[in-house]
Amino acid sequence: MGFKVRKSIKIAPGVRLNVSNKNLGLSAGVRGARVSVNTNGRTTRTVGIPGTGISHTSTTTSRRAPVSSSTRTTQPPRSTRPAAPKKVKPGLTSPAWEKQLFKQINGVPDAAAIHAVGRQHPTAAATAAMVEIIHVVGPNKDDERGRVLAGWLFDTGYDPSSDPFITKYMERAKVSIPVAIGITAEMPWDRQAMGLLVAELEQAAGNLERAIAVVESLEPTTVAAVSLAELYAQTARWADVVDITNGLANDDVAATFLLIQRGAALREQGYYEAAREALKEALRPRSRPIELRHLALVARGQTYLVEGKKAMARKDFERVLADNAAYPGLQEMLQAAAS
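Bear in mind that the values here come from a model prediction, so they are computed numbers and not experimental data. (Residues numbered from 1 in each chain as written. Predicted model: local features only at pLDDT ≥ 70, side-chain atom pairs only at ≥ 80, totals over all residues. Heavy atoms only, no water.)

### Brief notes about the overall build of the protein
(1) Moving on: Along the backbone of the protein there are 14 helices and 10 strands.
(2) Moving on: Looking at the protein as a whole, 44% of its 339 residues are labelled buried.
(3) Moving on: Partitioning the contacts of the protein with sequence separation of at least 6, the portion at a separation of at least 24 is 52%.
(4) Moving on: About 16700 Å² of surface is accessible on the protein, with carbon and sulfur atoms providing 54% of the total. (Helix = DSSP H or I, 4+ residues; strand = E, 2+ residues; numbered from the N terminus. Buried < 20%, exposed > 50% of the residue type's maximum accessible area, 1.4 Å probe, protein only. Contact = heavy atoms within 4.5 Å. Areas by Shrake-Rupley, 256 points an atom, 1.4 Å probe, with all protein chains shown as cover.)

### Quick look at the environment of Arg-147
(1) Moving on: Looking at the element boundaries, Arg-147 is found in helix H4 (residues 143-155).
(2) Moving on: Relative accessible area serves as the criterion here: at 22%, Arg-147 is assigned to the partly exposed category.
(3) Moving on: Along the chain, Arg-147 and Val-198 lie 51 residues apart, while their C-alpha atoms are 6.2 Å from each other.
(4) Moving on: Apart from residues lying up to four places away in sequence, Arg-147 is in contact with Leu-201, Glu-202, Ala-205 and Asn-207.

### Section: helix H7 (residues 208-216)
Helical geometry note: an α-helix holds 3.6 residues per turn, so side chains three or four residues apart project in the same direction.
(1) Moving on: Three or more residues of H7 are buried, namely Leu-208, Ala-211, Ile-212, Val-214 and Val-215. Projected onto a plane normal to the axis of H7, the buried residues spread over an arc of 165° and lie on a single side.
(2) Moving on: Buried-residue contacts for H7 involve H4, helix H6 (191-204) and helix H8 (222-234). (Arc of directions from axis to C-beta.)

### What to know about the pairing of strand E9 (residues 174-180)
(1) Moving on: Counting buried residues along E9, six of its seven residues qualify, which places the element largely inside the surrounding structure.
(2) Moving on: Counting the residues between successive antiparallel strands, the hairpin from E9 to strand E10 (residues 183-188) contains two residues, one of them, Gly-182, with a positive phi of roughly 85°. (Pairing = 2+ DSSP bridges.)

### Some remarks on the pattern of salt bridges
(1) Moving on: All chains considered together, the criterion is met by 15 salt bridges.
(2) Moving on: Note that Glu-268 and Arg-267 form a salt bridge whose closest N and O atoms lie 3.2 Å from each other.
(3) Moving on: On the basis of relative accessible area, Glu-268 is assigned to the partly exposed category, the value being 43%. (Salt bridge = Lys/Arg side-chain N within 4 Å of Asp/Glu carboxyl O.)

### Things to note about unusual backbone geometry
Leaving glycine out, the prevailing phi sign among residues is negative, and the prevailing peptide bond configuration is trans.
(1) Moving on: Positive phi values are uncommon outside glycine, yet Lys-141 reaches one of about 55°.
(2) Moving on: Looking at the element boundaries, Lys-141 is found in the loop between helix H3 (125-140) and H4.
(3) Moving on: By relative accessible area, Lys-141 is classed as partly exposed at 49%.
(4) Moving on: Residue Ala-236 is not a glycine yet carries a positive backbone phi of 60°.
(5) Moving on: Assignment of secondary structure puts Ala-236 in the loop between H8 and helix H9 (238-244).
(6) Moving on: We classify Ala-236 as partly exposed; its relative accessible area is 45%.

### Points about the side chain of Gln-192
(1) Moving on: Within the fold, Gln-192 resides in helix H6.
(2) Moving on: With a relative accessible area of 12%, Gln-192 lands in the buried category.
(3) Moving on: Filtering out sequence-adjacent residues up to four positions away, Gln-192 remains in contact with Met-187, Leu-218, Glu-219, Thr-221 and Ala-224.

So, in structure tokens, the structure goes:
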């Protein structure tokens, strides 16, 4: 798949070109005054007095889909943030289904009533399903209903960012998707978000091949790479994990997770020294979420264990033990390192 994360290239004194798999950025300036822009529409201006520590930074952006850290359980809840209704209202000549759905997003939503709109008005079925996902399924954390609705919408080619009802009557809705341990993507509802949500719901339901097929069809972003690496690892596609993690720099939490997956994949292929190097790089930044550090320590401990270096393995496992004695499978790993 050839995913990359980020590179920074000096093209002239004081000017750098920043390249990632999602956008291009350019930063320029001198000490005390610098401007950075990128193709995501974000512009950052920093002005300061050199040597004083005093500076002012302002940022403007037209689009944002951040990746943040969070704790993920085995089957995490998927939370959607219901979009606030806009002030505009349906006109007298608006179709009946439009008025009915508008009433649902402005009052207490009723799943049966929303579903009935889609059943009675086939041309509005996709919009009704999307309204149900945002206003009923997400807040109620109904993963199974969400899997059915989101899967159907994705398969039909639906894109919520192109739905006239959604864009006309609702502020831009967002979804928070826990794509892996320690990583949550918060992004606006569009086809990319729909696909990632479908993949996570299918993964939680045990339908790994379906989840992989969905993510492979998406735009190859860093978030998609994280989801895909985890899915490849769960299906023992180790060569594919290595392929999508080539050329990584540990610049953010997503890259840290990918390096951990790379280390595990290299270990499974018998490349123990290379595996330890990848995991060493994953552990280098101490500011990463503790869940990711534990994951990296366990992966490195398991690598030492396979190599027969039980003392080193036990050392890594005990570092996890010091923080979280309830880490899944930790006691068994400690016993394996002691025997």
